Amino acid sequence: MTLPHALPHLGAVAGDYDILLCDVWGVIHNGRESWAAPCEALTRFNREGGHVVLISNSPRPASDVIAQLDGLGVPREAWKAFVTSGDATRAELAKRAPGPAWIVGPERDAPLYAGLDLTRADSAKDAAFISVTGPVDDTVETPEDYRERFAFGAERDLELICANPDRIVQRGDQIIYCGGALADLYESMGGRVVMAGKPFAPIYDLAIHEAEGLLGRPVDRSRVLCIGDGVVTDVMGANAQALDCLFIAQGIHGDQAKGEDGTLDSARAGALLKAETTYARYAALELAW
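**Details of unusual backbone geometry**
Residue Pro98 is reached from Ala97 by a cis peptide bond, and omega for that bond is 5°. With respect to the element layout, Pro98 can be found in the loop between helix 3 (85-95) and strand 5 (101-104). A cis amide bond links Gly99 with the next residue in sequence, Pro100, at an omega value of 5°. Here Pro100 shows up in the loop between helix 3 and strand 5.

So, in structure tokens, the structure goes:
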């Protein structure tokens, strides 16, 4: 097993990269508060001539998520461009308009559908496809709450478009289910799933396009570093794109990558990566300059 290099400080390798494709939830905030050290690291990278593109599996368009970042205290200086799974997924939804679509998710995700002229179905029984952003109430619901309703869609061979491939995220001190967990259930029932967010190519195509706009030239992919805490989203996506990756091993993995002295244990971080057949060039418990 090839172990990731322990990287306590981004500044040690910052000069090797022009672009950071940085995950959001789990790296710079936990849904309730932002973290000063990661925000400062990204701000410093931008200030010293680099370009930070935030790349999030949020199911809403980036333009709608910016207000959330502002509210959590993430400084605008910490990023220069922002792409989301919602941005990438809108193209998939547009292909399938007017539907009808059975839409599953909380009302806050409504901006995903703005201007797409989709008609809505009440259930999988009368839908042309299913669109999922996450549980309707992620504070109490689990994927199992959707098994019976998903059965109709699987039986009818309906596609499920998942706008958030994340399985779980940490909100404060609570672990909550995301759209990817519902998509996993649907797929296990024989249903067909389509996703455009991390680790899939469409969101990276958008991010690289944004990076080229910031650079004013084509991107040298050897000078792009992906940063994230999700092994099957951030790390796997970076691997598929042949991009370097900094694995934030604390995030949703808690203390699993910590040694007895409280610092990163590269062997434990490597085991988390190996379990999903992935690899990261670097690992750290948190993002810091």
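**Quick word on the layout of surface pockets**
Within this model, the largest pocket holds a volume of roughly 360 Å³. Lining the largest pocket are 26 residues, with Trp25, Ser58, Pro59, Arg108 and Asn164 sitting closest to its centre. Among the elements of the structure, helix 2 (62-71), strand 9 (168-171) and strand 10 (174-177) are those that each provide at least two residues to the lining of the largest pocket. The residue inventory of the lining of the largest pocket, partitioned by class, reads 10 nonpolar, nine polar and seven charged. Surrounding the second largest pocket, 17 residues form its lining, Asp229, Gly230, Val231, Val232 and Ile252 being those nearest its centre. Every element with two or more residues in the lining of the second largest pocket is listed here: strand 9 and helix 7 (231-240). Of the residues forming the lining of the second largest pocket, the biggest block, four residues, is contributed by helix 7. Among the residues forming the lining of the second largest pocket, the class breakdown is seven nonpolar, four polar and six charged.

**Brief notes about the pairing of strand 12 (residues 224-228)**
Most of strand 12 sits out of view: five of its five residues are buried. What you see with strand 12 is no split at all: Val224, Cys226 and Gly228 on one side and Leu225 and Ile227 on the other are buried throughout. Bridge count between strand 2 (residues 19-22) and strand 12: four bridges; the pairing is parallel. Its bridge partner being in strand 12, Leu20 is matched across the sheet by Leu225. Of the strand pairs in this sheet, strand 12 and strand 13 (residues 244-248) are connected by four bridges, and their pairing is parallel.

**Side note on the nonpolar core**
Core analysis: the largest hydrophobic core is formed by 32 residues, its most contacted members being Leu21, Ile55, Phe247, Leu264 and Ala269. Sorting the residues of this core by element identifies strand 2, strand 3 (51-56), strand 4 (81-84), helix 6 (201-215), strand 12, helix 7, strand 13 and helix 8 (266-274) as the ones contributing at least two each. Among the elements that take part in this core, helix 6 stands out by supplying six residues, more than any other. Ignoring anything within four residues of it in the chain, the contact list for Ala269 reads Pro4, Phe247, Ala249, Ala257, Leu264 and Ala283. Core analysis: the second largest hydrophobic core is formed by 31 residues, Leu20, Cys39, Val65 and Leu69 among them.

**Remarks on the environment of Ser85**
If you trace the backbone, Ser85 turns up in helix 3. The class for Ser85 is buried, based on a relative accessible area of 0%. Ignoring any residue separated from it by four or fewer positions in sequence, one finds Ser85 in contact with Ser56, Asn57, Ser58, Ala163, Asn164, Pro165, Gly197 and Ile203. A polar atom in the side chain of Ser85 sits 2.6 Å from the backbone oxygen of Ala163.

**A look at empty space enclosed by the protein**
Within this structure, the stated rule accounts for one cavity of 30 Å³ or more. Its volume calculated, the largest cavity comes out at about 40 Å³. Ranked by residues supplied to the lining of the largest cavity, first place goes to strand 12 with three residues. Residues of the lining of the largest cavity, tallied by class, amount to five nonpolar, one polar and two charged.

About the thresholds
Residues numbered from 1 in each chain as written. Predicted model: local features only at pLDDT ≥ 70, side-chain atom pairs only at ≥ 80, totals over all residues. Heavy atoms only, no water. Helix = DSSP H or I, 4+ residues; strand = E, 2+ residues; numbered from the N terminus. 1 Å grid on protein atoms, 1.4 Å probe; cavity = no way out; pocket = protein on both sides within 12 Å on 5 of 7 lines; lining within 4 Å. Points joined across faces, edges and corners; volume = space filled by probe spheres on them. Nonpolar A, V, L, I, M, F, W, Y, C, P; charged D, E, K, R; others polar. Buried < 20%, exposed > 50% of the residue type's maximum accessible area, 1.4 Å probe, protein only. Pairing = 2+ DSSP bridges. Core = buried A, V, L, I, M, F, W, Y, C linked by side-chain atoms within 4.5 Å. Contact = heavy atoms within 4.5 Å. Polar contact = N/O pair within 3.5 Å; in protein donor to acceptor, adjacent residues only side chain to side chain.

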